[in-house]
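These are the residues of each chain, in order.
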Amino acid sequence: MEIYNNENDQVDAIKRFFSENGIALAVGVILGVGALVGWRYWTSHQENNARDASLAYEQSVSSLNSGKPDALSAAEKFAADEKNTYGAFASLELAQQFVDKNQLENAGKQLQQGLAAASDDNLKSVINMRLARVQLQMKQPDAALKTLEGIKGEGWTAIVADLRGEILLSKGDKQGARAAWEAGVKSDASPALSEMMRMKMNNLSI
């Protein structure tokens, strides 16, 4: 440790330090300030983007539900452009519109697009569940069973079991359907869902 005899020695030492390290310090300060400013800009930019996306999503859905001319194509463009949660939500809305019109292929495409845009696991599970139902309606049981594999989380166990039973029954696999519903009843199913699965098992002619 360097010992100073007086204030002049301290001043000289400081001068030497800045003479030897001044450029490095200046660069460090600039980089530090730049990083801070950049971080604040990025955060502000992200917040602004999220706010704009949220507003655009609300406007898109509002127009879609009101049946305004060109609302469908505008919503489709929004869903395709926004590779985020809002885009996924818009795809869900569009898929429901197509299901209501019995345009199941278009509904499936929207759900696939929404799945690619979603980052939240629970949202992905919602989309996968709806996609599996659409695939079942389109008589694509194997694809529907594959889609169910993408649903994660214990809270989905009973719901997935119920739909798996329906899919297997559509393939003529009554034993498989019964096994799926039995597993669903033994899981975390609500009383209403448990009763429904029991009724489905009772209706099987096996």
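Below you will find a few notes about this structure. Model, not experiment: these values are computed from the prediction. All residue numbers refer to positions counted from 1 along the written sequence of the respective chain. Local features in this predicted model are restricted to residues of pLDDT 70 or higher, and side-chain atom pairs are both shown and tallied only at a pLDDT of 80 or more, whereas totals for entire chains, interfaces and linings draw on every residue. Calculated side-chain values reflect all of the structure's heavy atoms, with hydrogen atoms and water omitted.

Before going further, it helps to spend a moment on the packing of helix H6 (residues 141–148) against helix H7 (residues 157–170). H7 packs onto H6 with a crossing angle of 160° between their chain directions and a minimal axis gap of 9 Å. Viewed along their axes, H6 and H7 adopt a mutual orientation that is roughly antiparallel. Taken as a pair, H6 and H7 cross one another with a handedness that is left-handed. Counting all contacts with H6, which are made through Pro141, Ala144, Leu145 and Leu148, the residues of H7 involved are Val160, Leu163, Arg164, Ile167, Leu168 and Ser170. As a working rule, the residues Ala, Val, Leu, Ile, Met, Phe, Trp, Tyr, Cys and Pro are called nonpolar, Asp, Glu, Lys and Arg charged, and the rest polar, with Gly in that last group. Counted by class, the contact of H6 with H7 contains eight nonpolar, one polar and one charged residues. Axis definition: a line fitted to C-alpha atoms, limited for helices to the stretch in contact. Angles are taken between N-to-C directions and run from 0 to 180 degrees. Helix and strand definitions follow DSSP, with helices as H or I runs of at least four residues and strands as E runs of at least two, each counted in order from the N terminus. Should an angle fall under 35 degrees it is taken as roughly parallel, and over 145 as roughly antiparallel, whereas 65 to 115 is taken as roughly perpendicular and any remaining angle as oblique. What makes a crossing left-handed is the near helix being turned counterclockwise from the far one by less than a right angle; a clockwise turn instead makes it right-handed. Residue contacts are counted whenever heavy atoms from the two residues lie within 4.5 Å of one another.

Before going further, it helps to spend a moment on the pattern of salt bridges. Just to be clear on terms, a salt bridge is a Lys or Arg side-chain nitrogen sitting within 4 Å of an Asp or Glu carboxyl oxygen. Summed over all chains, the structure comprises six salt bridges. Between Glu105 and Lys109 there is a salt bridge whose closest N-O contact spans 3.8 Å. Taken together, the positions of Glu105 and Lys109, both in helix H4 (residues 104–117) and four residues apart, correspond to about one turn of that helix. Buried means the residue's accessible area, taken with a 1.4 Å probe over protein chains only, is under 20% of the maximum for its type, while exposed means over 50%, and partly exposed covers the values in between. Given the relative accessible area of 52%, Lys109 is considered exposed. The closest approach of N and O atoms between Lys200 and Asp162, which form a salt bridge, is 2.7 Å.

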